[in-house]
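# Working through the structure, step by step
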Amino acid sequence: MRRRKTAVLLVLTALLAAGFLLWGNCSLQTTETALVSPALPPAFDGLRIVELADLHGRVFGRGSRRLLAAVRRAEPDLICIDGDLFDEHTDLAMLPPLLRGLCAIAPVYYVTGNHEWRVPGLRGILAQMRACGVTVLQDDWRVLRRGEDALVLAGTDDPCGPAERKTPAELIADIRAEAGEAAFLLLLTHRNDQLPQWSALGVQAVLAGHCHGGVVRLPFVGGLFGTDRRLFPAWDAGLYRQGETALYVSRGLGYTNVHFRLFNRPEVAVIVLRRGSPAINS
């Protein structure tokens with residue numbers, strides 16, 4: 001009798017643990033963060049951005065319907081994808097329904113991550129993404145306008161891309177030459193560890209991913225694993241500031257080599273741009 005009770009207890013414990021892990025790995029979490037800058041043009045105060053990162057080809061529901069529903073509920077003005085949307089293991093048939101669905105909600109802007117550059121035929125895939133309505137930013141930018149105000153939305157190719165790509169300094173110099181030194185820059189990039197560089201170049205707002213939130217998130221500590229295989233990485237998730245630059249790092253949606261996340265639910269990040277003085281400076 002005692003053995004039977006012990007076996008039942010072990011089975012229940014295993015089921016609870018499996019349920020917790022399934023919930024933590026597969027249930028989408030929508031977060032909302034205000035990114036505040038005194039340089040933000042008044043007309044863009046309140047602009048809502050959904051940031052998606054590091055999907056790695058995961059499908060949340062048939063045709064990505066659960067992910068699309070979460071994005072739709074956030075009521076974004078823009079959708080920004082910070083790279084590693086797919087990788088060398090992805091069934092690319094998942095892309096068209098997801099991208100068409102996103103483009104039906106709001107304008108979609110995308111930059112490459114490191115994993116896309118491992119996928120054969122990437123140029124053709126990017127062309128297909130454009131055909132779905134996505135704006136692919138490869139060391140390029142767009143000027144968004146609201147009335148008389150303007151905001152520059154720029155995107156960098158991942159460093160794993162072409163060797164002849166623009167350097168960050170060249171990209172920002174080109175933008176400033178066209179849009180003016182006072183233009184507000186919102187930059188999409190995959191890498192999370194370049195805040196000092198973007199701060200030195202005077203970029204006001206940066207959205208990034210890449211770190212997967214540290215894979216395992218420990219209470220009061222943060223992410224455990226960094227992309228450089230070091231423990232307790234800097235800039236692993238959330239909002240950071242250096243000088244006049246604000247960086248938001250998404251925890252991402254998927255995983256790569258280790259199909260596992262702990263205390264680190266897949267994130268649909270909602271960034272709300274606000275005009276004002278930041279309450280926290282670091």
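An account of the accompanying structure is given in this report. (Residues numbered from 1 in each chain as written. Predicted model: local features only at pLDDT ≥ 70, side-chain atom pairs only at ≥ 80, totals over all residues. Heavy atoms only, no water.)

### Considering the nonpolar core
Core analysis: the biggest nonpolar cluster contains 34 residues, and Leu52, Leu67, Leu85, Leu102 and Met129 have the highest contact counts within it. Of all elements in the fold, only β2 (48–52), α2 (65–73), β3 (78–81), α3 (95–105), β4 (108–110), α4 (122–131) and β14 (267–275) reach the threshold of two or more residues within this core. Excluding residues within four positions of it along the chain, Leu85 makes contact with Leu55, His56, Gly57, Leu95, Leu98, Leu99, Tyr110, Glu116 and Met129. Formed by 23 residues, the second largest nonpolar core is a distinct cluster that contains Leu144, Leu151, Ala205 and Ala246. (Core = buried A, V, L, I, M, F, W, Y, C linked by side-chain atoms within 4.5 Å. Buried < 20%, exposed > 50% of the residue type's maximum accessible area, 1.4 Å probe, protein only. Helix = DSSP H or I, 4+ residues; strand = E, 2+ residues; numbered from the N terminus. Contact = heavy atoms within 4.5 Å.)

### Focus on α4
Among all positions in α4, only Leu122, Ile125, Leu126 and Met129 are buried. Along the long axis of α4, the arc covered by the buried residues comes to 100°, so they all point the same way. Projecting away from the buried face of α4 at angles above 90 degrees are the exposed residues Arg123, Gln128 and Ala131. Tucked into the core, α4 has its buried residues touching α3, β4 and β5 (135–136). Where α4 terminates, the next one or two residues include Gly133, which has phi positive at roughly 110°. (Arc of directions from axis to C-beta.)

### Quick look at the sheet that holds strand β6 (residues 140–146)
On the basis of which strands lie adjacent, the open sheet formed by six strands has the order β6-β7-β8-β9-β13-β12 and mixed pairing. A strand with exactly one partner marks an edge of an open sheet, and here the two such strands are β6 and β12 (238–242). In this sheet, adjacent strand axes meet at a mean angle of 20° when their direction is disregarded. Bridge count for strand β7 (residues 149–155) against strand β8 (residues 185–188) is four bridges, and the pairing is parallel. The partner of Val152 across the bridge, within β8, is Leu185. Across the sheet, helix α5 (residues 168–179) is in contact with β6, β7 and β8; its angle to β6 comes to roughly 35°. (Pairing = 2+ DSSP bridges. Axes fitted to C-alpha atoms, helices over the stretch in contact; angles between N-to-C directions.)

### What to know about the side chain of Ser64
You can see Ser64 is positioned in the loop between β2 and α2. Note on Ser64: relative accessible area 1%, which makes it buried. Those residues within four positions of Ser64 in sequence are excluded, and the remaining contacts are Val59 and Leu98.

### Observations regarding the side chain of Asp84
Relative to the elements of secondary structure, Asp84 occurs in the loop between β3 and α3. Look at Asp84: it is buried, it has no salt bridge, and the nearest opposite charge is Arg118 at 7.7 Å. At 2.9 Å, the side chain of Asp84 and the backbone nitrogen of His115 are in polar contact. At 3.1 Å, the side chain of Asp84 and the side chain of His190 are in polar contact. The residues touching Asp84, leaving out its near neighbours within four places in the chain, are Asp54, Leu55, His56, Gly113, Asn114, His115, Glu116 and His190. (Lys, Arg positive; Asp, Glu negative; His and termini not counted. Salt bridge = Lys/Arg side-chain N within 4 Å of Asp/Glu carboxyl O. Polar contact = N/O pair within 3.5 Å; in protein donor to acceptor, adjacent residues only side chain to side chain.)

### Some thoughts on the pattern of salt bridges
Scanning the model with the defined rule gives 10 salt bridges in all. Here Arg48 and Glu32 are joined by a salt bridge, their closest N and O atoms 3.3 Å apart. Linking Arg48 in strand β2 with Glu32 in strand β1 (residues 29–37), this pair joins segments that are 16 residues apart in sequence. Its relative accessible area of 21% is what places Arg48 among the partly exposed residues. Among the residues examined, Glu32 registers a relative accessible area of 55% and is labelled exposed. Of the charged contacts in the structure, one is a salt bridge between Lys166 and Asp174, with a shortest N-O distance of 3.0 Å.

Keep in mind that these numbers describe shape and distance, not what the molecule does.
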